[in-house]
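Coordinates in review
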Amino acid sequence: MSVPTANTGSGSTANSSAANASRATVASLKVGGRGRVVAVHGADEVTMRLLEMGITPGVELCLLGAAPLGDPVELELRGYRLSLRKAEAARVEIELP
């Protein structure tokens, strides 16, 4: 099965350096930070699970909080809350507002 919305990181676009200026990963967001999903990196079952949970390109999300040691993090997207490990959150590239 192909994963058309996942970015495996093997390619780049001509405008990627300019576009990356306002991009980050969910793992780097501060509490209260918002962003719009640009890509979910990877081509494994974890990436598929993230996509199945609704973390797809174009979705807006907000970081609601983090555990005392910073892992996991709690997100709000699509009207529900979702907790992700920091390593999983690092796979989700977002565009900052």
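Residues numbered from 1 in each chain as written. Predicted model: local features only at pLDDT ≥ 70, side-chain atom pairs only at ≥ 80, totals over all residues. Heavy atoms only, no water.

**Quick notes on the overall build of the protein**
For the protein, the helix and strand inventory stands at 3 helices and 7 strands. Counting from the amino terminus, the protein carries its helices and strands in the arrangement β-α-β-β-α-β-β-β-α-β. Across the 97 residues in the protein, those meeting the buried criterion constitute 33%. Across the protein, every contact between residues at least 6 apart in sequence was considered, and the portion connecting residues at least 24 apart equals 64%. Just so you have it, the protein exposes about 5800 Å², and 52% of that area is on carbon and sulfur atoms. (Helix = DSSP H or I, 4+ residues; strand = E, 2+ residues; numbered from the N terminus. Buried < 20%, exposed > 50% of the residue type's maximum accessible area, 1.4 Å probe, protein only. Contact = heavy atoms within 4.5 Å. Areas by Shrake-Rupley, 256 points an atom, 1.4 Å probe, with all protein chains shown as cover.)

**Focus: the environment of Ile94**
Relative to the elements of secondary structure, Ile94 occurs in strand β7 (residues 92–95). By relative accessible area, Ile94 is classed as buried at 0%. Note: C-alpha distance between Ile94 and Ala24 (70 residues apart in sequence) is 5.4 Å.

**Things to note about the pairing of β7**
Relative to β7, strand β2 (residues 23–25) runs antiparallel, the two being bridged by 3 bridges. Paired with Arg23 across the bridge in β7 is Glu95. Note that strand β3 (residues 34–41) and β7 share 4 bridges and pair antiparallel. Counted as the bridge partner of Val40 is Val92 from β7. (Pairing = 2+ DSSP bridges.)

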